[in-house]
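# Overview (structure and organization)
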Amino acid sequence: MKTDELLTGLRNRDPRAIGRIISQVENNGPQCRAILAALDPAAMDSTLVLGITGPPGAGKSTLTGCLIRHLRGQGSRLGIIAVDPSSPISGGALLGDRIRIMDHALDPDVIVRSMASRGRLGGLCATAGAVVRVLAAAGCEVILIETVGVGQSEMDIVRLADLTLMVMAPGFGDDIQAMKAGLLEVTDLLVANKGDQPGSEALCLEMSAAFRDRSRADGIERVIQTVAAQNKGTSTLMNQINTLNARHLEIGIRATRRQQSQEIETLDWCLELLRPQLLAAIRGHEQPLDPRLRAEQLITDRDHDRQQQPQ
Ligand SMILES: Nc1nc2c(ncn2[C@@H]2O[C@H](COP(=O)(O)OP(=O)(O)OP(=O)(O)O)[C@@H](O)[C@H]2O)c(=O)[nH]1
Ligand SMILES: [Mg+2]
C-alpha cells in the first residue's frame, strides 16, 4: 500500500492499514518517516497511556484483561502493547498468550501489539513511543502497555506512560524489595492483586506505608486491592486511575512527564543516528587511554576541529 493509502486507512481506522503502519514504524521501514511526519500530535491530547508492570505471575495480563473489559464496556477504543524483555527472535510469537487477547481478537476497537524490548533501533522507548502515537492517531483513547520485571525496559515504559501501575501479589517478598530500590518511586498506583490469597492484607499495609507521604499530600489512595481472576476491584482501580490522572493534568505533572519523555526519546534517536559517525571517529582515534578519557579526548578534539573549520 502507498503511504497516502495507509494514512487514509489509519484515519478510517482500518485494522489492516493500522497494522502495516505499526510494522513500518517498529521496523523502521521505508515509509516510516513519511508516516511519522503525517501524524497529528494533537491526537495524544485525548489519549491516556497506562504502564502496567510488576513481577512475572503477579497477574498483569489478567488485570489488563479486566481493564479491557471495563473500558470496552464504556465504549472506549483501546490499544494494548505487550513488551517482552527477551530477545526479538523468541519475542513476537510467544507474546500472543501473555495478554488474554483471545477474548478481544475479533473486537476492532482493541488493537493489540507485541513488542520485544531488545535490539530496537533507538531503544524500546523510541520505538514504543512511536507506536503509542500511531495508536493515538488511530483513535485509541486508552493505551495499556504491559511489561514484566524491574529492568531497563520497565524504566523505559514508565517514562512513556502517563501513569504507571505496579501489580504485586502476596508471596513476592523479594520482588517487593527489588522494586522498592527503584521502580516503586516511579510507580503511581500499586495494585495488590490476588486479594483472595493469604497475605494480601499484609501486602496492602506494607505498600500503603511506602506510599503514605504521597497519599497524605493529596488524599488520593494509591494502593488498590484486586482479585483480577474474579474481576473484583476493577471499577475501584479505574476510579483511582481517573482521579490521579485528573490531578496530574490539573497540576501539570502529565505535561511535564510527556515533555521529558519526548526529550529522552529524541536523545535516544540522536545517539542512534550519531552512532556510525562516532564509531568511525573512535576507530580513527586510537589512543592508549582509558575508554572514558578517550571519549572525553575525542569530544574535545572534535570541538577543536570544528572551531578550526572556516565558517
Ligand atoms: N488466586 C488468584 N490468581 C490469580 C489472580 N489474578 C491472576 N491470577 C492467576 O495468576 C497466574 C498469572 O497471571 P497472569 O495474568 O498471567 O500474570 P502476569 O503477571 O501477566 O504474568 P507474566 O506475563 O508471565 O509476567 C494465572 O494463573 C492467573 O490465573 C487473582 O486475583 N487471584
Ligand atoms: Mg502477562
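Because the structure is predicted, anything quoted here is derived from the model rather than measured.

## Details of the overall build of the protein
Helix and strand content of the protein: 13 helices and 7 strands. In the protein, buried positions account for 45% of the 311 residues. Expressed as a percentage of contacts within the protein between residues at least 6 apart in sequence, the contacts between residues at least 24 apart total 75%. A total of about 15,800 Å² of accessible surface is found on the protein, and carbon and sulfur atoms cover 53% of it.

## Thoughts on the nonpolar core
By size, the foremost hydrophobic cluster in this structure holds 38 residues, and its most contacted members are L50, L67, L144, L165, L190, L237 and I241. Contacts of L190, omitting those with residues within four sequence positions, involve M166, M168, L184, M207, F211, R222, V223 and I224. In terms of nonpolar packing, the next biggest core, distinct from the first, is built from 31 residues, L10, I111, L135 and I143 among them.

## Re the coordination of the magnesium ion (ligand 2)
Taken together, S61 (OG) and E146 (OE) make up the full set of protein donors to the magnesium ion (ligand 2), lying 2.0 to 2.4 Å away. Pair noted here: S61 is in helix 4 (residues 60–73) and E146 is in strand 4 (residues 142–147), with a separation of 85 residues, a long-range link. The same class applies to S61 and to E146, which are both buried.

## A short note on unusual backbone geometry
With a phi close to 55°, N28 is a non-glycine residue in the positive phi region. Structurally, the position occupied by N28 is in the loop between helix 2 (15–26) and helix 3 (32–38). Note on N28: relative accessible area 40%, which makes it partly exposed.

## Here's the deal with the layout of surface pockets
In this structure, the largest pocket spans a volume of roughly 860 Å³. Lining the largest pocket are 32 residues; nearest its centre among them are L36, A130, R133, Q262 and E265. Within the residue set of the lining of the largest pocket, elements represented by two or more residues are helix 2, helix 3, helix 6 (123–137) and helix 12 (253–283). For the lining of the largest pocket, the element with the most residues is helix 12, which contributes 9 residues. Along the lines of polarity and charge, the residues of the lining of the largest pocket split into 17 nonpolar, 6 polar and 9 charged. Looking at the lining of the second largest pocket, the elements that each hand over two or more residues are helix 7 (152–160), helix 10 (212–218), helix 11 (234–251) and helix 12. For the lining of the second largest pocket, the leading source of residues is helix 12, giving 4 residues. When grouped by side-chain class, the residues that make up the lining of the second largest pocket number 6 nonpolar, 4 polar and 8 charged.

## Section: the pairing of strand 4
Most of strand 4 sits inside the fold, with 6 of its 6 residues counted as buried. Of the two faces of strand 4, both are covered, the one formed by V142, L144 and E146 as well as the one formed by I143, I145 and T147. Note: strand 1 (residues 48–53) against strand 4, 5 bridges, orientation parallel. Bridging from a neighbouring strand, L50 pairs with L144 of strand 4.

## Some thoughts on the packing of aromatic side chains
In this structure the tally under the stated criterion is 0 aromatic pairs. Geometry around F211 places R214 over its ring, the cationic atom sitting 4.5 Å from the centre.

## What about the packing of helix 1 (residues 3–11) against helix 2?
Contact geometry for helix 1 and helix 2: axes closest at 8 Å, N-to-C directions at 120°. Considering their axes alone, helix 1 and helix 2 lie oblique with respect to each other. When the axes of helix 1 and helix 2 are compared, the crossing they make is left-handed. Facing helix 1, whose interface residues are L6, L7, G9 and L10, helix 2 presents A17, I18, R20 and I21. Class assignment for the residues of the contact of helix 1 with helix 2 results in 6 nonpolar, 1 polar and 1 charged.

## Some thoughts on helix 12
Given 3.6 residues to a turn, an α-helix orients residues that are three or four positions apart in the same direction. The end-to-end C-alpha distance of helix 12 is 43 Å, a good match for the 45 Å that 31 residues give at a rise of 1.5 Å each. Most pronounced at R275, the bend in helix 12 amounts to some 50°, and the proline P276 follows within four residues. Buried within helix 12 we find R254, R258, S261, E265 and E272.

Procedures and definitions
Residues numbered from 1 in each chain as written. Chains lettered and ligands numbered in written order. Predicted model: local features only at pLDDT ≥ 70, side-chain atom pairs only at ≥ 80, totals over all residues. Heavy atoms only, no water. Helix = DSSP H or I, 4+ residues; strand = E, 2+ residues; numbered from the N terminus. Buried < 20%, exposed > 50% of the residue type's maximum accessible area, 1.4 Å probe, protein only. Contact = heavy atoms within 4.5 Å. Areas by Shrake-Rupley, 256 points an atom, 1.4 Å probe, with all protein chains shown as cover. Core = buried A, V, L, I, M, F, W, Y, C linked by side-chain atoms within 4.5 Å. Donors = N, O, S within 2.8 Å, 3.2 Å for Na, K, Ca; no water. 1 Å grid on protein atoms, 1.4 Å probe; cavity = no way out; pocket = protein on both sides within 12 Å on 5 of 7 lines; lining within 4 Å. Points joined across faces, edges and corners; volume = space filled by probe spheres on them. Nonpolar A, V, L, I, M, F, W, Y, C, P; charged D, E, K, R; others polar. Pairing = 2+ DSSP bridges. Phe/Tyr/Trp six-rings, centres within 6.5 Å; stacked < 30°, edge-to-face > 60°. Lys NZ or Arg CZ within 6 Å of the ring centre and 35° of its normal. Axes fitted to C-alpha atoms, helices over the stretch in contact; angles between N-to-C directions. Parallel < 35°, antiparallel > 145°, perpendicular 65-115°, else oblique. Left-handed = near helix turned anticlockwise from the far one by under 90°. Expected span 1.5 Å × (residues − 1). Bend = angle between axes of the 7 residues up to and from the residue.

Read these as spatial facts, not as claims about activity.
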